[in-house]
Amino acid sequence: MSLEHRAFLYRDVDEFLAVTVPFLKSGLERDEAVVAVAREPNLSALRDVLGTAGTPILYRDSAEFYRHPVHTLRDYQAIVKKSEPRTVRALAEPVWDGWDERQTLEWVRYESLINVVFENSGARALCPYDTEALPPRVVAEARRTHPLLLAGGDSAPSEEYIDPETFGSGCDRRVRFDRPRGADYLPIDGDDLHKLRSFVGEHARRNGLAGQPARNLVTAVNEVAANALQHGTPPIGLWLWRDGSALITEVGDNGFWRPGPSPLTGFIPPDSALQRGFGLWTVRLLVDLMELRAGWDGTFVRLHVKC
């Protein structure tokens, strides 16, 4: 069964409830696994109308559920798998405030990726967008990332929808890969990556990154470097620098990726550790943001972690 992925453009709580309550009730009547992820005050309004005691609806606050695009993909995937053989009906309201320009682009891309990750799940997803509160750019992107659109009481295919691979290519073209001249550099010229792990760990400590986030960064850089040693072309190196509140590391080599990476590379949850793409998927889970660029001048993987 194919995914039903619809953007819902609404103006106030009353309009929100008028659509979402029947949507969720219909799922209960069909014995589907029903999930309601919404922002306040919408979440409380849903609880007031539908109740919480004894209800099979799984309620989640968007502020807690939407913290990291790839984590959110993973968590929805877990819900779908756990619910099998029942299909999932999800009210899924993203969070759009508090992100910088680059993070916003990643969340827009996330909405597009839903169409690939869950294309054969048979799930029904309704994604509310508050047209009175959200920036016009975010609302416009909803029309491009959702095959279906519900607005003003009318439901129809979105005429502006773009397939995820084409959409992802557009996202990649908007990412700049400038590197400051003062970035610290470490050549990677052997299979023993102990020196690299120590180098990254020390810089993490100097920049106030400790505990699990620091260990995650070291693990992620080690994975990317090992991949470059196995598949890349020397010289291979690591650059590291601070950019505002973020610590950025970049691993690059002179290899030309043939065929080039798909805009979906590392975004699609693998079925097992043996599946191609598992390494980059894991790296995306470990850091706040991973960027990939491959061209004639080499292949570069950039990792962002908030300090």
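The rules behind the values
- Residues numbered from 1 in each chain as written.
- Predicted model: local features only at pLDDT ≥ 70, side-chain atom pairs only at ≥ 80, totals over all residues.
- Heavy atoms only, no water.
- UniProt positions renumbered as here; feature names shortened; annotations may be inferred.
- Helix = DSSP H or I, 4+ residues; strand = E, 2+ residues; numbered from the N terminus.
- Pairing = 2+ DSSP bridges.
- Axes fitted to C-alpha atoms, helices over the stretch in contact; angles between N-to-C directions.
- Buried < 20%, exposed > 50% of the residue type's maximum accessible area, 1.4 Å probe, protein only.
- Arc of directions from axis to C-beta.
- Polar contact = N/O pair within 3.5 Å; in protein donor to acceptor, adjacent residues only side chain to side chain.
- Contact = heavy atoms within 4.5 Å.
- Domains from an automatic or database assignment.
- Buried area = accessible area lost by both parts, 1.4 Å probe.
- Salt bridge = Lys/Arg side-chain N within 4 Å of Asp/Glu carboxyl O.
- Nonpolar A, V, L, I, M, F, W, Y, C, P; charged D, E, K, R; others polar.
- Core = buried A, V, L, I, M, F, W, Y, C linked by side-chain atoms within 4.5 Å.

Under an unreviewed UniProt entry, the name given to the protein chain is Sensor histidine kinase, and the source organism is Actinomadura syzygii.

**Q** Give me the lowdown on the UniProt feature "domain: MEDS" (unreviewed entry) in the protein chain, citing residues and values where you can.
**A** Sequence positions flagged by UniProt for "domain: MEDS" (unreviewed entry) are, in local numbering, residues 5-147. Its end C-alpha atoms 6 Å apart, residues 5-147 is made of 50% helix and 20% strand.

**Q** A description of the sheet that holds strand β10 (residues 246-253) should follow, citing residues and the corresponding values.
**A** Spatial strand order, β8-β9-β10-β12-β11: five strands in an open sheet with antiparallel pairing. Bordering the open sheet on either side are β8 (184-188) and β11 (289-295), each of which pairs with just one other strand. Taking each pair of neighbouring strands and ignoring which way they run, the sheet shows an average axis angle of 15°. Where β10 lies against strand β12 (residues 298-306), eight bridges are found, and the strand directions are antiparallel.

**Q** So what's going on with helix α7 (residues 164-173)? Which residues, and what values?
**A** P164, F167, G168, G170 and C171 are the residues of α7 that are buried. Projection of α7 onto a plane perpendicular to its axis shows the buried side chains occupying an angular sector of 155°, all on one side. Capping the start of α7 is the job of one residue whose side-chain oxygen sits 3.2 Å from the backbone nitrogen of E165: D163.

**Q** Could you give an account of the environment of H146, with specific residues and numbers?
**A** Relative to the assigned elements, H146 resides in the loop between α6 (136-145) and β6 (148-151). Taking the relative accessible area as the measure of exposure, H146 reaches 0% and is therefore buried. C-alpha of H146 to C-alpha of E160: the two residues are 14 residues apart in sequence and 8.8 Å apart in space. Beyond its immediate chain neighbours, meaning those up to four positions away, H146 contacts H5, R6, A7, E111, C127, Y129, S158 and Y161.

**Q** Give me the domain arrangement of the protein chain: which residues, what numbers.
**A** Size of an interface: often given as the accessible area lost when the parts come together. Each domain of the protein chain was delimited in the assignment, giving domain 1 (4-174) and domain 2 (184-306). Between the C-alpha centres of domain 1 and domain 2 there is a distance of 30 Å. With 18 residues of domain 1 at the contact, the number on the domain 2 side is 15 residues. Of the roughly 1500 Å² buried where domain 1 meets domain 2, counting both sides, 66% is carbon and sulfur surface. On the domain 1 side of the contact with domain 2, V70, R102 and L113 bury the most area, a combined 28% of that side's loss. Among the salt bridges present, the one from R102 reaches E291, with a minimum N-O distance of 2.6 Å. Across the contact surface, domain 1 and domain 2 share five residue pairs in polar contact (both at pLDDT 80 or more). Of the residues forming the side of domain 1 that touches domain 2, the biggest block, seven residues, is contributed by helix α5 (residues 101-117). Residue composition of the side of domain 1 that touches domain 2, by class: six nonpolar, six polar and six charged.

**Q** Quick one: what's the story with unusual backbone geometry, residue by residue and with numbers?
**A** Going from E84 to P85, the amide bond is cis rather than trans, its omega being 10°. With respect to the helices and strands, the residue P85 is situated in the loop between α4 (69-83) and β4 (88-92). The linkage connecting P234 with the following residue, P235, adopts the cis geometry, with an omega of 0°. Tracing the backbone shows P235 in the loop between α9 (211-231) and β9 (236-243).

**Q** Would you mind going over the nonpolar core in detail, with residue names and values included?
**A** Judged by nonpolar contacts, the single largest core of 48 residues is most densely connected at Y66, L73, Y76, V88, F118 and Y129. Sorting elements by how many residues they give to this core places α5 first, with eight residues. Of the residues that make up this core, three or more belong to each of domain 1 (4-174) and domain 2 (184-306). Those residues in contact with V88 that sit more than four places away from it in its chain are A33, V35, I79, V80, S83, A123 and R124. Ranked by size, the runner-up nonpolar core spans 29 residues in total, among them L186, L196, V218 and L280.

**Q** Break down the sheet that holds β4 for me, citing the residues and quoting the values.
**A** Backbone-to-backbone hydrogen bonds join strands into a sheet, with any given pair of strands oriented parallel or antiparallel. Judged by pairing direction, the sheet is mixed, and its seven strands sit side by side in the order β3-β2-β4-β5-β1-β6-β7 without closing on themselves. Here the strands that pair on one side only, and so sit at the sheet edges, are β3 (58-61) and β7 (154-157). Along the sheet, successive strands turn relative to each other by an average axial angle of 15°, direction set aside. Sheet topology places β6 next to β7; four bridges connect them, and they run antiparallel. Counted as the bridge partner of A151 is D154 from β7. Most of the contacts of helix α1 (residues 13-29) go to β4, to which it runs at about 165°, and overall it touches β1 (4-10), β2 (33-38), β4, β5 (124-130) and β6.

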